[in-house]
Amino acid sequence: MKRRKLLTALFLLLAACALALGIAAVRRAQRLPSSAGVRVPVLMYHAVGDDCWGEESLFVKPEELEKQLQYLSENGYETIFFEDLSHIEQYEKPVLLTFDDGYDDNAETLLPLLQKYGMKATIFLIAGDVGKPHKLTRAQLAELVQSGLVSIQSHGWSHRNMAALSPLALLWELVRSQSAIFTLTGRFPVALSYPNGNSSARTRKIASWFYTYGVRTCAGIYETGSDPLLIERITVSRDTTLDEFKRELEIPQIAGAGVPDRLEHRLCIYFRTSMLPPSASVLPSSSMSFSANRFVKPLKIAAETIISGVSRTFSSVVTSRSNMAAAVRRTCSMKYFAHRWWRRANAA
């Protein structure tokens, strides 16, 4: 008799779990982008301020951030939340502002700027760090949510490498984070920022039980209709100038273009605007002097774009091995880039 009751209770528990997962799946489907093929730049920030108590590159200068927000406002960009992707057709030039980790300056410095320009931002919160030094407090989170300009989403409970966690540990990490954010804000998060951008197929599968969207640190512009759990972002660091910020928003993200065209575009705009004098329209001559930084940055751009493109190619079920091989050959061909860059430079 006791065994029968135990089996009945276990069956009811499994049925309840299945029902909950089914309801969650329906809700996630309702939050997916309503239209495919819409380019949505997702900008990635961290801290805002001049008191660089940690890694300096993560601290965007307040005056530079204000210039960027002003540029977005004056050029017709509309800042949105991840929840707004379900009616993306209502926005002509959507853009997502995201801030990782949940630093206290997001409330002290960022919020006044958002209020000044009437813009929205998403903060990916490390839920287990709330109240710790330099991190948001419960009172600050309440202020951010009540403003209506900030959405709190998940960056995990402890900022651990999710790709390296066991399924049970990952499940616990996501459950703790989601329940904590609901307790703090009264809303369940719909998006997850993978700590350090690391994720695996297993990570994304388990994350999809809780979240509709997953964002990475790979360079690129998100296009609706692609994998919502592999969203690229554009990194905005302390040394990002306004001109670089403008150029990053123009990176092409065409499904059929692949790595070479995006990489070609990023290198071309860098060389043409940063390495050539304003009047130049041809390849730089050997008499021109270059600093070490001017070689390092193009290599960094190339590496980021290749990693992003290769990852997208492997994750796409429509890309064949031959297409992947062709993309790698084209990407690694200096002759290809020199020829295409020469044509575009002379056509300017």
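Everything here concerns the structure above.
The model shown is predicted, which means the values in this text are computed figures rather than measured ones. (Residues numbered from 1 in each chain as written. Predicted model: local features only at pLDDT ≥ 70, side-chain atom pairs only at ≥ 80, totals over all residues. Heavy atoms only, no water.)

Colleague: For this particular structure, what's the right way to read the packing of aromatic side chains?
Modeller: Aromatic rings considered in pairs are described by the distance between their centres and by the relative angle of their planes. A complete count under the given rule lists nine aromatic pairs for this structure. Ring plane angle 85° and centroid distance 5.4 Å describe the contact between W53 and F59, whose orientation is recorded as edge-to-face. Ring pairing ties together the aromatic residues W53, F59 and Y103, which thus form one cluster. K93 extends its terminal NZ or CZ atom over the ring of Y77, reaching a point 4.1 Å from the ring centre. (Phe/Tyr/Trp six-rings, centres within 6.5 Å; stacked < 30°, edge-to-face > 60°. Lys NZ or Arg CZ within 6 Å of the ring centre and 35° of its normal.)

Colleague: In this structure, what is going on with the nonpolar core? I would like to understand it.
Modeller: Burial of nonpolar side chains together is a common tendency in soluble globular proteins. Ranked by internal contacts, the top residues of the largest apolar core, which has 36 residues, are L43, Y45, L72 and L97. For this core, the secondary structure elements donating two or more residues are strand 2 (42–45), helix 2 (62–74), strand 6 (94–101), helix 3 (105–117), strand 7 (121–125), helix 4 (138–147), strand 8 (150–154) and helix 5 (167–185). Examining the composition of this core, we find that six residues originate from one element, helix 3, more than from any other. Those residues within four positions of Y45 in sequence are excluded, and the remaining contacts are V60, L65, Q68, L97, T98, F99, D100, V236 and F245. (Core = buried A, V, L, I, M, F, W, Y, C linked by side-chain atoms within 4.5 Å. Buried < 20%, exposed > 50% of the residue type's maximum accessible area, 1.4 Å probe, protein only. Helix = DSSP H or I, 4+ residues; strand = E, 2+ residues; numbered from the N terminus. Contact = heavy atoms within 4.5 Å.)

Colleague: What is the right way to read the pattern of salt bridges from this model?
Modeller: When the charged atoms of two side chains with opposite charge come close together, those side chains can pair. All chains considered together, the criterion is met by nine salt bridges. The residue D100 makes a salt bridge to R233 at a minimum N-O spacing of 2.9 Å. Here D100, found in strand 6, pairs with R233, found in the loop between strand 11 (222–223) and strand 12 (234–235); they are 133 residues apart in sequence, far enough to count as distant. When its relative accessible area of 2% is taken as the criterion, D100 is described as buried. Take R233: its relative accessible area is 0%, and that puts it in the buried class. One salt bridge connects E232 with R216, and the closest N-O pair in it is separated by 3.7 Å. (Salt bridge = Lys/Arg side-chain N within 4 Å of Asp/Glu carboxyl O.)

Colleague: Mind showing me how you'd approach the packing of helix 2 against helix 3 here?
Modeller: Angle between the axes and distance between the axes: these two values describe a pair of packed helices. Close contact between helix 2 and helix 3 brings their axes to 11 Å; oriented N to C, the two are set at 25°. When the interaxial angle is binned, helix 2 and helix 3 end up roughly parallel. When the axes of helix 2 and helix 3 are compared, the crossing they make is right-handed. Listed contacts from helix 3 to P62, L65, E66, L69 and Q70 of helix 2 are T109, L110, L113, K116 and Y117. Residues that form the contact of helix 2 with helix 3 fall into these classes: six nonpolar, two polar and two charged. (Axes fitted to C-alpha atoms, helices over the stretch in contact; angles between N-to-C directions. Parallel < 35°, antiparallel > 145°, perpendicular 65-115°, else oblique. Left-handed = near helix turned anticlockwise from the far one by under 90°. Nonpolar A, V, L, I, M, F, W, Y, C, P; charged D, E, K, R; others polar.)

Colleague: Explain the pairing of strand 7 here, please?
Modeller: Looking along a regular strand, one sees side chains alternate from face to face of the sheet. Summarising burial for strand 7: five of the five residues are buried, a large majority. In the sheet, strand 6 pairs with strand 7 via four bridges, with the strands oriented parallel. What sits directly across from F99, in strand 7, is I123. This β-α-β element, strand 6 to helix 3 to strand 7, shows right-handed connectivity. With five bridges connecting them, strand 7 and strand 8 associate as parallel partners. (Pairing = 2+ DSSP bridges. Right-handed = clockwise from strand over helix to strand, strands pointing away.)

Colleague: Sorry if this is basic, but what is going on with helix 3 here?
Modeller: Because an α-helix packs 3.6 residues into every turn, residues spaced three or four apart end up facing the same way. In this model, helix 3 (13 residues) spans 18 Å end to end at C-alpha, consistent with the 18 Å of a helix rising 1.5 Å per residue. In helix 3, a bend of some 35° at L111 exceeds every other bend along the element, and P112, a proline, comes one to four places later. Considered for burial, the residues of helix 3 that qualify are D105, N106, A107, L110, L111, L113, L114 and Y117. Looking one or two residues past helix 3, G118 carries a phi angle of roughly 65°, positive in sign. (Expected span 1.5 Å × (residues − 1). Bend = angle between axes of the 7 residues up to and from the residue.)

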